[in-house]
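Listed here are the chains, written in short residue letters.
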Amino acid sequence: MHNLVRIGYVPALLLGLNGLALWVVGSGGSLLWVAPILIAAIALTFLGERIAPKHDDWNEDQGDTTSNVLHAIVYEANVILGVALIPLLVWLLPSGSLWPTEWPLLVQLLIAIVLADLAFTLIHWLSHRVPLLWRLHAIHHGVGRLYGFNGLVRHPLHQGLDMVVGTMPLVLLGMPTEVAVLLGTAIAIQLTVQHANIDYVLGPARSYLSVGELHHLHHVNWGTEGDCNFGLFFTFWDRLLGTYNPNPSRKIEAGDMGIDDVPNFPKSYFEQLLFPLTYQPGQGAAADERRRQRTITPAE
C-alpha cells in the first residue's frame, strides 16, 4: 500500500480527479458535482499522508488545525463566489470573442491552465519582492508544516488579488463558465498536491511539475533561498524568469518550514488576518528590508 500511494497519488489526483471533473462538466452534469470531487481530493490526501508521509512530524497538529480549516472554508467560499460572479462580469464588462469556444473542452481547459499559471507565477514572484504584497503572502509562508490544507491557507486579500489578476484576463477573453469551474477545480487540486505531506514519486515529471520537493524548497526558512520555484502548475515560467531551482543547498528537514525572522507565527485565524497590520519591529522588519533591496528583474 505504501508504494501504491507513492506512485499512484499524483496521477490519481491530477489526472483522475481532474478527468472526472472534465467528464462531469462535459457531459452536461451540474457544476455543483465538482464539490464532491474537491472533497475527495482532500480525503485521499489525508489518507495518503498517513500511509506514506514525507515527514511524520508534519502529520502532527501544531496548534494550526482550526485556523487551517477556517482558511480552507473561506478559500473555497471565495472560489465559489468568484465563479458565480463570472456571468455578471461578462454582462458588465466588454468581453472579447477570442476564446476558442468551439474547441474541445479539454483543450480550452489546458489553455486556461497555462495562461493562469503565468499570471499566478508573476503574482507569486512579485509577492516575494514587494513589501506590501509580502505582508499578505506571509500568511501562507508562516506555516510550520506542509500538509493537505496548507495550499488553501491564504489571506483573503491576497486570494482576491490572485483571482482578479489570474482569471480576469481569461474572463475578458470570453472564457465560458464551464471552463472557469474546471480551472478552479484544477487549481484547488494542484494546491492540495503541491502541499501534501506525501512522499510521492514523480519520475521524469519532477522537472516539469511545480510540486513535491521543488515546492518544499520554496517554503524553507533559510533566508532568501526559498525565493524560487514560484510556479503553480509547471516549471517553465520559472525557467524563463530564472527562478527555477531543483537543488537545495542542503537536505530539507521537517523543521525547515516557516519564516526565518518570525519563528512564533500566530496560530489563530483572526491573528493571521491582522498579521499584515501588526508586523512588529524585530519580527518582519528584516524580511521587509531584504525585499526592498532586491531588484525586481527576472535575471535576479
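Residues numbered from 1 in each chain as written. Predicted model: local features only at pLDDT ≥ 70, side-chain atom pairs only at ≥ 80, totals over all residues. Heavy atoms only, no water.

Novice: Any chance you could explain the environment of Glu102 here in plain terms?
Specialist: With respect to the helices, strands and loops of the structure, Glu102 is situated in the loop between helix 3 (65-92) and helix 4 (105-127). Classification of Glu102 by relative accessible area gives exposed; the value is 62%. A polar contact is formed between the side chain of Glu102 and the side chain of Trp103, at a distance of 3.3 Å. (Helix = DSSP H or I, 4+ residues; strand = E, 2+ residues; numbered from the N terminus. Buried < 20%, exposed > 50% of the residue type's maximum accessible area, 1.4 Å probe, protein only. Polar contact = N/O pair within 3.5 Å; in protein donor to acceptor, adjacent residues only side chain to side chain.)

Novice: When you look at the packing of helix 1 (residues 2-26) against helix 4 in this model, what are you seeing that I'm missing?
Specialist: For any two helices packed against each other, the geometry comes down to the angle between their axes and how far apart the axes lie. At a minimum axis distance of 11 Å, the contact between helix 1 and helix 4 shows a crossing angle of 125°. Between helix 1 and helix 4, the interaxial angle falls into the category oblique. Judged by the twist between their axes, the crossing of helix 1 over helix 4 is right-handed. Residue-level inspection shows Leu22, Val25 and Gly26 of helix 1 in contact with helix 4, the latter providing Leu105, Leu106 and Leu109. When grouped by side-chain class, the residues that make up the contact of helix 1 with helix 4 number 5 nonpolar, 1 polar and no charged. (Axes fitted to C-alpha atoms, helices over the stretch in contact; angles between N-to-C directions. Parallel < 35°, antiparallel > 145°, perpendicular 65-115°, else oblique. Left-handed = near helix turned anticlockwise from the far one by under 90°. Contact = heavy atoms within 4.5 Å. Nonpolar A, V, L, I, M, F, W, Y, C, P; charged D, E, K, R; others polar.)

Novice: It is not clear to me how unusual backbone geometry should be interpreted in this structure. Could you clarify?
Specialist: It is generally the case that most residues other than glycine have a negative phi and that most peptide bonds are trans. With phi around 55°, Asn229 is a residue other than glycine that occupies positive phi space. Assessed through its relative accessible area of 3%, Asn229 is described here as buried.

Novice: Would you mind showing me how to read the packing of aromatic side chains here?
Specialist: Here the distance between the centres and the angle between the planes together describe a pair of aromatic rings. Tallying each qualifying case throughout the model produces 9 aromatic pairs. Here the aromatic rings of Tyr9 and Tyr200 are separated by 5.7 Å at their centres, their planes lie at 20°, and the arrangement is stacked. Of the two residues, Tyr9 sits in helix 1 while Tyr200 sits in the loop between helix 7 (177-195) and helix 8 (213-218), which places them 191 residues apart along the sequence. For Tyr9, a relative accessible area of 5% translates into the label buried. With a relative accessible area of 9%, Tyr200 lands in the buried category. (Phe/Tyr/Trp six-rings, centres within 6.5 Å; stacked < 30°, edge-to-face > 60°.)

It is worth stressing that arrangement in space is one thing and function is another; only the former is reported here.
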